[in-house]
Amino acid sequence: MSGVEKIFKPALSRQPLPVFIARIAAGFPSPAADYEENKLDLNKHLIKNPAATFFVRVSGDSMTGAGIHDGDLLVVDRSIQPVSGNVIIAVLDGQLTVKRLKIKRGKITLEPENKDYPTHTITKGMDFEAWGVVTNVIHSL
């Protein structure tokens, strides 16, 4: 099961990085790529609501089909109302987990994106809370 290893609050530094006008080709390098357009503030791209945003480090491989791998850093926004199809951070019986939320005909399930792991059906009496919606995944190549 993919769980949450650590939780971090964002440090909102204002050190923008350069952005270039030319798009990057996946083939041969473009000689036009030498023109700097602007500065890029990753906070503006990754964090829409700083007061409601946190980062978590993933532990496990149950979400590899969604591009979420062991050790990845997830950007999570608590201000977004979770809907069916979102990847969420949830508390399930006292454990933090990352899963895809599915809601169909009033039935709530937390689904992994790895066939080796079971789907969790939320039933009455279970301790369940959606903590936030995953908006971005950060991982090294």
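Residues numbered from 1 in each chain as written. Predicted model: local features only at pLDDT ≥ 70, side-chain atom pairs only at ≥ 80, totals over all residues. Heavy atoms only, no water.

Let's shift gears to the overall build of the chain. Scanning the chain from N- to C-terminus turns up 1 helix and 10 strands. Ordered by position in the sequence, the α and β elements of the chain form the string β-β-β-α-β-β-β-β-β-β-β. Classification of the 141 residues of the chain by burial places 30% in the buried group. Restricting the contact set of the chain to residue pairs at least 6 apart, pairs at least 24 apart contribute 60%. For the chain, the exposed area adds up to about 9100 Å²; of that, 54% sits on carbon and sulfur atoms. (Helix = DSSP H or I, 4+ residues; strand = E, 2+ residues; numbered from the N terminus. Buried < 20%, exposed > 50% of the residue type's maximum accessible area, 1.4 Å probe, protein only. Contact = heavy atoms within 4.5 Å. Areas by Shrake-Rupley, 256 points an atom, 1.4 Å probe, with all protein chains shown as cover.)

A cluster of basic residues, Lys102, Lys104, Arg105 and Lys107, forms a positive patch on the protein surface. Within the secondary structure, Arg105 sits in the loop between β7 (95–104) and β8 (107–111). The class for Arg105 is exposed, based on a relative accessible area of 80%. (Patch = residues over 30% accessible without salt bridge, like charges linked within 9 Å, V, L, I, M, F, W, Y side chains within 5 Å. Salt bridge = Lys/Arg side-chain N within 4 Å of Asp/Glu carboxyl O. Lys, Arg positive; Asp, Glu negative; His and termini not counted. Charge placed at Lys NZ, Arg CZ, Asp CG, Glu CD.)

Looking now at the packing of aromatic side chains. Following the criterion strictly, the structure yields 1 aromatic pair and no others. With 6.2 Å between their ring centres and 85 degrees between their planes, Phe54 and Trp131 make a pair best called edge-to-face. Placement of the pair is Phe54 in strand β4 (residues 53–59) and Trp131 in strand β10 (residues 128–138), with a sequence separation of 77 residues. Note on Trp131: relative accessible area 24%, which makes it partly exposed. Its end group placed over the ring of Trp131, Arg78 keeps NZ or CZ at 5.5 Å from the ring centre. (Phe/Tyr/Trp six-rings, centres within 6.5 Å; stacked < 30°, edge-to-face > 60°. Lys NZ or Arg CZ within 6 Å of the ring centre and 35° of its normal.)

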